[in-house]
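Chain by chain, the residues run as shown.
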Amino acid sequence: MKSNCNSKFNARKKKTQSDIKRDRLSRLRSATPDGFEVLYELSKTVDHYFPDLWAQLDSVADPRSRSRYSIGCILLGSIFLFLFKQESRNGYNQFRQQRQFSQNYRNIFGMNLPHMDTVNAVFKTLDSNQLERLKAKLVKQLLKKKVFEKFKLFGRDIQIVVDATRTHSFAEKHCDDCLCTTHTYFKLTKSGFNNLKKEHGQIVESASALIDESLHGFKALDKALNKHLGSAFTALHIMSLQKAFTVKTSTHYFHAVLEAKVVASNGFCISIATEWLCHTKGFYDKQDCELNAFKRLAKKMKAYFPRLPVCIIADGLYPSAPFFQICKDNSWRYIVTYKDGNLKSLRRDIHDLLPLNIRNNFKVNKTIKNWVIKHENTWIADLDYHDHSLSWVQCREEKISSNGEVKTTRFEYLTNVSLKEQSEARELINSGRIRQKIENEGFNIQKNNGFKLKHKYSRTSFQALKNYYQCLQIAHMIDQLCYLSKRMKQTIKAWGTTLKHCIQNIQSALLYGELDQDWIEHLREKRTQFRY
Ligand SMILES: [Zn+2]
């Protein structure tokens, strides 16, 4: 009886598993028509903004003397890897092996899909500056088509956020250009604790809570000791307390990049220039490395876009006389986050002037979802810091939720825009806060939403990693131009689906669908408007 039950159960289980497989396949096939529509939208986006993209890809200097695939094929294959969120070279190669997939790809792009090992071999020797220049050319085409026109600050400046992020991490040294940091960990063992007790007696009993806890760095050690033994005792006996802890160090290797991205309130976050961080004076110091990289990045930006009216938006690492000078030399405006402890003489001036600053205040109240948001804003113009004329703006924000929870935050910015009107201060605060977009719409999306920025597309070559990185930036640019258009947003809403689902539909369309060449030609001839 029992075995009978088991076999029935197994039969049901078996049936369920094959059902799941069949359901999945049928779901994929039914997604095919929507998938092709999204694919056509992407194709239209490229045709609209970059009608000569294929020629531009083919014009990149090929480092090989003989080749089966043209350089255009190689670059398109890599852009495709990111645009269709294949997430790894392997995933892409598996799709490539499917006959229908390769045929559809050929019909759309008029090129063969190269194997990713071939792409990788080329990327190891291709000069990544070429792809960066290509990316800048594409951005110029967008500027010419006035894509960012309605998002300009004061109707004049393109808003460019500058920020750095870690791209790849390694347990072992990956290449000669790897950056590295050494972390120190403190641990209190039982015998270490007993030694402490022998030396100081019962007074250190409360430090038993720290036994076997791993404390990362001197700051964490100091904080834990202050908490458990009091600040006076810790300060007096810091040397003997430290001796009781075992010390371990570990070294991490990584690459990090400084990005300049055009940002806009609709979600645009498009890379215009890239600079890889490198060692200065033999060790990694975040502020030093980033500010030095900014000097190199600024030169590139000026060379790519010499006459572009720009407002640089940067975080609390940047307010400094050298940064202000670079912006002055390039005739750029800027908005930088001003943190406590930065530029102390300027802080004293603001403190002295604030009581006299009666006229330059205004309040803004708004409701967003379940939050009532109150802003108290103030500004002071015509401040002087080492011969740089600055304005200071502050926004105190109070957020009150429908259940009475209150959150308060303070934002402060410095700018070389000479503020005269309340409306200018208001626009400036909104721009300053747009900086967070580089984290959310820029780095986080590239790291998490299928682009897999942190994936080691090449495990041995930094040169190849840089080339993949530039292809990712170009793919993300096309992706944003397509999916952030009002028409595409409405389409996705009407389908009652998500962007992630749309991408999956593209994959199923290429795998199972048969491309209607006439439809593509018809769409290519049709004029389409892109609004954001
Ligand atoms: Zn490396």
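Because the structure is a prediction, the values reported are computed rather than measured.

Secondary structure assignment for the protein yields 20 helices and 11 strands. In terms of overall dimensions, the protein has C-alpha extents of about 80 × 80 × 60 Å along its principal axes. By the burial criterion, 32% of the 532 residues in the protein qualify as buried.

This brings us to the pairing of strand S9 (residues 371-385). The pairing of strand S8 (residues 361-368) with S9 spans 8 bridges and is classified as antiparallel. Residue Thr 367 lies in a different strand from S9, and its bridge partner there is Val 372. Hairpin connection between S8 and S9: a loop of 2 residues separates the two successive antiparallel strands, and Lys 369 in this loop has a positive phi of roughly 50°. Note that S9 and strand S10 (residues 388-401) share 13 bridges and pair antiparallel. Considered in S10, the bridge of Trp 371 is made with Ser 401.

Between helix H6 (residues 99-109) and helix H19 (residues 499-512), whose axes approach to 6 Å, the crossing angle comes to 100°. Of the possible angle classes, the one that applies to H6 and H19 is roughly perpendicular. Along the contact surface, H6 presents Gln 100, Phe 101, Asn 104 and Tyr 105, while H19 presents Leu 510, Leu 511 and Tyr 512. Here the contact of H6 with H19 is built from residues that sort into 5 nonpolar, 2 polar and no charged.

This next bit is on unusual backbone geometry. Backbone geometry at Ser 331 places phi at a positive 60°, although glycine is not the residue there. Although it is not a glycine, Lys 452 sits at a positive phi angle of roughly 50°. With respect to the element layout, Lys 452 can be found in the loop between helix H16 (436-448) and helix H17 (462-483). You can call Lys 452 partly exposed: it has 19 C-beta atoms within 10 Å.

This paragraph deals with the confidence of the model for the protein. Across the protein, pLDDT averages 88, with 93% of residues at or above 70. Throughout residues 1-5 the model reports pLDDT below 50, and contacts reaching past four residues in sequence, or to other chains, amount to 0 contacts.

The domain boundaries assigned to the protein delineate domain 1 (1-27), domain 2 (31-141 + 459-525), domain 3 (157-315 + 443-457) and domain 4 (332-434). Spacing between the C-alpha centres of domain 3 and domain 4 amounts to 28 Å. Tallying the contact residues gives 10 residues for domain 3 and 9 residues for domain 4. Sorting elements by how many residues they give to the side of domain 3 that touches domain 4 places strand S6 (residues 310-314) first, with 5 residues.

Residues Ile 79, Ile 160, Ile 312 and Cys 471 are the most contacted members of the largest nonpolar core, which totals 103 residues. For this core, the element with the most residues is H17, which contributes 11 residues. Look past the residues within four positions of Ile 79 in its chain and what remains in contact with it is Cys 471, Ile 474 and Ala 475.

For the rest of this paragraph, the subject is the environment of Lys 124. Within the secondary structure, Lys 124 is located in the loop between helix H7 (116-123) and helix H8 (128-144). Linking Lys 124 and Gln 463, residues 339 residues apart in sequence, is a C-alpha distance of 5.5 Å.

Turning our eyes to something else, we now look at the pairing of S6. A large share of S6 lies buried, amounting to 5 of its 5 residues. Note that strand S1 (residues 158-170) and S6 share 4 bridges and pair parallel. Residue pairing for S6: Val 161 is matched across the bridge by Ile 313. In the classification by handedness, the crossover that spans S6, the intervening helix H13 (residues 321-329) and the parallel strand S7 (residues 333-337) is right-handed.

What counts as what
Residues numbered from 1 in each chain as written. Predicted model: local features only at pLDDT ≥ 70, side-chain atom pairs only at ≥ 80, totals over all residues. Helix = DSSP H or I, 4+ residues; strand = E, 2+ residues; numbered from the N terminus. Buried ≥ 20, exposed ≤ 12 C-beta atoms within 10 Å, placed from the backbone. Pairing = 2+ DSSP bridges. Axes fitted to C-alpha atoms, helices over the stretch in contact; angles between N-to-C directions. Parallel < 35°, antiparallel > 145°, perpendicular 65-115°, else oblique. Contact = placed C-beta atoms within 7 Å. Nonpolar A, V, L, I, M, F, W, Y, C, P; charged D, E, K, R; others polar. pLDDT = per-residue confidence, 0-100. Domains from an automatic or database assignment. Core = buried A, V, L, I, M, F, W, Y, C linked by C-beta atoms within 7 Å. Right-handed = clockwise from strand over helix to strand, strands pointing away.

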